[in-house]
Amino acid sequence: MDSRLRGNDAFQLCRVGNLLPPPARRGRRGCEASNRGHFLQRPACWFFAACKDDGQRPGDVVVRDDDTRKKVELYQLYEDQCQREGVVDFAELLLRSFELLRDHDDIRAHYQQRFRHILVDEFQDTNKLQYAWLKQLVGPQTAVLAVGDDDQSIYAFRGARVGNMADFVREFQVSAQIKLEQNYRSHSNILDSANHLIGHNSQRLGKNLRTDQGAGEPVRVYPALDGVDEQGHFRTA
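Small disclaimer: the values here were computed from a predicted structure and weren't measured. (Residues numbered from 1 in each chain as written. Predicted model: local features only at pLDDT ≥ 70, side-chain atom pairs only at ≥ 80, totals over all residues. Heavy atoms only, no water.)

Observations concerning the layout of surface pockets
Estimates place the volume of the largest pocket at around 1400 Å³. Lining of the largest pocket is provided by 41 residues; of these, Val147, Gly148, Asp149, Ile178 and Leu180 occupy positions nearest its centre. At the level of elements, strand 2 (143–146), helix 6 (163–171) and helix 7 (188–198) are the ones that each hand at least two residues to the lining of the largest pocket. Per element, the largest residue contribution to the lining of the largest pocket is five residues, and it comes from helix 7. Each residue belonging to the lining of the largest pocket can be placed in one class, and the counts come to 21 nonpolar, eleven polar and nine charged. Computed from the structure, the second largest pocket encloses a volume of approximately 310 Å³. His187, Asn189, Ile190, Ser193, Ala194, Leu197, Ala215, Gly216, Glu217, Pro218, Val219 and Arg220 together form the lining of the second largest pocket. (1 Å grid on protein atoms, 1.4 Å probe; cavity = no way out; pocket = protein on both sides within 12 Å on 5 of 7 lines; lining within 4 Å. Points joined across faces, edges and corners; volume = space filled by probe spheres on them. Helix = DSSP H or I, 4+ residues; strand = E, 2+ residues; numbered from the N terminus. Nonpolar A, V, L, I, M, F, W, Y, C, P; charged D, E, K, R; others polar.)

Let's talk about a nonpolar patch on the surface
A surface patch of nonpolar side chains, about 300 Å² in accessible area, is lined by Val88, Phe90 and Leu93. Residue placement: Leu93 occurs in helix 3 (residues 90–103). (Patch = residues over 30% accessible without salt bridge, like charges linked within 9 Å, V, L, I, M, F, W, Y side chains within 5 Å. Areas by Shrake-Rupley, 256 points an atom, 1.4 Å probe, with all protein chains shown as cover. Salt bridge = Lys/Arg side-chain N within 4 Å of Asp/Glu carboxyl O.)

Some details on the side chain of Thr211
Along the chain, the position of Thr211 falls in the loop between helix 7 and helix 8 (227–236). Engagement of the side chain of Thr211 in a polar contact is seen with the backbone oxygen of Asn183, the distance being 3.0 Å. At 3.3 Å, the side chain of Thr211 and the backbone oxygen of Ser186 are in polar contact. (Polar contact = N/O pair within 3.5 Å; in protein donor to acceptor, adjacent residues only side chain to side chain.)

Here's the deal with helix 5 (residues 128–137)
Within helix 5, burial applies to Leu129, Tyr131, Ala132, Leu134, Gln136 and Leu137. The backbone nitrogen of Leu129 has a side-chain oxygen 3.1 Å away, supplied by the residue at the start of helix 5, namely Asn127. (Buried < 20%, exposed > 50% of the residue type's maximum accessible area, 1.4 Å probe, protein only.)

Below, the structure is given as structure tokens:
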């Protein structure tokens, strides 16, 4: 890598050989304009982070096309440069922690003994690597309590894997699931609409929200043209 990483952001990539062009001009929507045959900084960083979220080093990535091959080459160059600079990004912190526990029986046993009770909150937002990391920490005598709502999983674009919840139930042989279905925030018209809509998701664990707040106002649908239109509607509603 010809250019050094600067500042605290290890993802602030400079040009790497001929794989990255100079910083691109931003379009009117704030997106970086692309040049045919080149990778831009942000998509490359997303690729690196996604690989690490899945626990993959450059050598673990399956290459099926030329596009992926170039990204993997970039990923390796990035790894090498971070190693020379002595810096890590956030995903690297998680990946190294997982590899440390996976590859060293004595360290894994130490922490399994140290943490006898583990609480996982917002479980629907965990990624593949975080779930694998959790399984390394759990020993024969460890009690695990996981709290989450698969109907609120909205971070798949950041690597969250809602399937971790179903895997947890199966792999940890969960015999008691406590479903908090009583809602204290919304009226029944809203909850009934939400229950009907989310019921189309056949892969959810399943629950039915209810309330004692009464029916409330009817649910109204406003087909906004865009985000600005939506904001204006709610400001004047």
